[in-house]
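# An overview of the molecular structure
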Amino acid sequence: STVPPSAYLPDPFSPSSSSDSELSDDDDAEIEPIDEQEIYDLISPISDPEHPLTLGSLSVVNLPDIFLTPTFPEKGSSSPLTTLTVLITPTITHCSLATVIGLGVRVRLEQALPPRFRVDVRIKEGTHSTAEQVNRQLGDKERVAAALENGTLMGVLRKMLEGCENGAG
Amino acid sequence: MPSVFSFPRISQLATLEPSSPSRAWLTAPHPTLPLLATCSSDKTVRIYSLTTFTLLSTITGGHKRSIRTCAWKPNLKGESVLATGSFDASVGIWRHYDNDMSPKPKEVLSGLDFDARDKAIANGEMGENAEEDDEEEWRFAIVLDGHESEVKSVAWSTGGNLLATCSRDKSVWIWEEVGEDDYETIAVMQEHEGDVKCVAWHPEEELLASASYDDDVRLWREDVDDWGCCGVLRGHGSTVWCVAWEGVVPEIFGDVEDGQKDLKEMWVKRREASGPRLMSCSDDLSIRVWRRRPKEKVQQSRLSIIRSGSSEEDWIEEVQLPKAHSRPIYAIAWSKSGRVVSTGGDGAIVVYEERWKKGSIDPKSKKTGDQTNGVDGEQ
């Protein structure tokens, strides 16, 4: 079985009614800034697919490896688009589950963040033998979307994200 | 950015509603009728009217996963045929008689076309019976099975007799319609080393272009009896997401100064010899325009001895469009007037126009319009 589409924010590329209401609810339409620590708090409780340990405790995700930058720096505050880059450090350099971990981080962030965020999840340089291959897969909108339609994989991801649902409410 | 060009603004004309509750992967305008098909991850295709901007029908029940792509068959009269490609690895063919395609009263009611509504009321068409056949309008004709994984793109040849499909399974298939709702596989081409993201037919030749995760664009044509790769366009540094052909008629753009008339003539001649150009866009944030190097007569007489060389295409990169996107560029299109539009992960829609560059031999492309649309609530 797959996760119903409403359970996550699947698409950073399409308009989302929830973000519209979110923006219009706010009288001065001010976008609440989100910092690196908040991003870390969103993803650190994700559990490793193999161990009963969190990505935070295994140092797979680390605060200094989270970067928030404006997507259009030349437009200044007229564009609310923000690029979020998360570099993950696999526990071993040939970890076969690096893609699944990366996908879990990406799904978690797209669930939790408003769609003005463009999320890039990559392997930290020099920490994995097939980093380039994994990075390309994680950056491919169609491969990610297809993965989320895969019931078996979605089951694994749901399990990884169980701790987050409780922690982040 | 200082510029001598005025940047026209693009404004939103309408929102097509009701929309799909989940990701809309692609929209395809009908070749002749004011209709638009959108395919979605909710496994449906929605057909909207481009005169009333209302939903006319929803095609459901054919695919088990996301419908990634669809294409209208060209050159039909009285009937519309739509091909759909899905992440479930199958391709569907759907048919519909055009006279059923007028807006149904219930849509007219919520639409902008009050005249049509009044007419419908006057004719006594406003009733329950109008809704009866709503889902029956589109008839499922045939499913084309063969791909092993997600189908990414489908394209009809200009004549409409050939259908090209491509997939994450790295293959490009060509199907021929041999009878009513009867299709035969005439080629399976597997030279790409990664997902094939897009296929597009040359507007006047049976020449197919494909774009891939392996960073290459390939060209395919039939040589004697076999379809095969006749060219590889290399240059992109990452996934090539989309390829698009220029229209058949070369458009002459902008005014030239007196001293440049010869150059313009040269350009027109070269364009006629090369034929329509090909454009490609990529994850590497570039859009490239490719031009065929026409074969010289001398070469052709030599090639008649070496048979295998006769179908080889010689293409060069003519120009890269000015950089305007900050995230992967997913889609490009060439308008009939020669303009180019692109969009990508950054939510920007960019329009380009080709212009004569002062004092240069080659016309270069100039970005003239840059408008970020409210893809995610951006103002």
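Everything here concerns the structure above.
What this report covers is the structure whose coordinates are included nearby. Worth saying up front: this structure is predicted, and the values here are computed from it rather than measured.

### A few points about the overall build of chain A
- Each helix and strand counted, chain A has 7 helices and 3 strands in total.
- Tracing chain A from N to C terminus, the helices and strands come up as α-α-β-β-α-β-α-α-α-α.
- Within chain A, buried positions represent 34% of all 169 residues.
- Across chain A, contacts joining residues at least 24 apart in sequence account for 68% of those joining residues at least 6 apart.

### Observations regarding helix H3 (residues 98-112) of chain A
All names here are of chain A.
- Here H3 contains 15 residues, and its C-alpha end-to-end distance of 21 Å stays within 8% of the 21 Å for a straight helix at 1.5 Å per residue.
- Counting buried residues in H3 gives 11 out of 15 residues, a clear majority hidden from the surface.
- The complete set of buried residues in H3 reads Ala98, Thr99, Ile101, Gly102, Leu103, Gly104, Val105, Arg106, Val107, Arg108 and Leu109.

### A short note on the sheet that holds strand E1 (residues 24-29) of chain B
Residue and element names in this part refer to chain B.
- Pairing in this open sheet of 4 strands is antiparallel, and the strands run E1-E2-E3-E4 from one edge to the other. Both outer strands of the open sheet, E1 and strand E4 (55-59), are each paired with one neighbouring strand and no more. When strand polarity is set aside, the average angle formed by the axes of neighbouring strands in this sheet is 20°.
- Taken together, the 4 bridges between strand E3 (residues 45-49) and E4 define a ladder with antiparallel strand orientation. By the bridge assignment, Val45 is partnered in E4 with Ile59.

### Observations concerning the pairing of strand E3 (residues 117-123) of chain A
Residues and elements named next belong to chain A.
- Counted residue by residue, E3 has 5 buried out of 7 residues, so it is predominantly covered.
- Examined bridge by bridge, strand E2 (residues 82-88) and E3 share 7 bridges and lie parallel to one another. The partner of Thr83 across the bridge, within E3, is Arg118.
- One crossover worth recording links E2 to the parallel E3 by way of H3, and it is right-handed.

### Here we look at the sheet that holds strand E12 (residues 182-189) of chain B
Residue and element names in this part refer to chain B.
- A sheet is described by the order of its strands in space; here 4 strands give the open sequence E9-E10-E11-E12, paired in antiparallel fashion. Where the open sheet ends on each side, the last strands, each with one partner, are strand E9 (151-156) and E12. For this sheet, the mean inter-axis angle between neighbouring strands, taken without regard to orientation, is 25°.
- Strand direction decides the pairing type here: strand E11 (residues 172-179) and E12, joined by 7 bridges, are antiparallel. What sits directly across from Trp175, in E12, is Thr185.

What counts, and where the lines are drawn
- Residues numbered from 1 in each chain as written.
- Chains lettered and ligands numbered in written order.
- Predicted model: local features only at pLDDT ≥ 70, side-chain atom pairs only at ≥ 80, totals over all residues.
- Helix = DSSP H or I, 4+ residues; strand = E, 2+ residues; numbered from the N terminus.
- Buried ≥ 20, exposed ≤ 12 C-beta atoms within 10 Å, placed from the backbone.
- Contact = placed C-beta atoms within 7 Å.
- Expected span 1.5 Å × (residues − 1).
- Pairing = 2+ DSSP bridges.
- Axes fitted to C-alpha atoms, helices over the stretch in contact; angles between N-to-C directions.
- Right-handed = clockwise from strand over helix to strand, strands pointing away.

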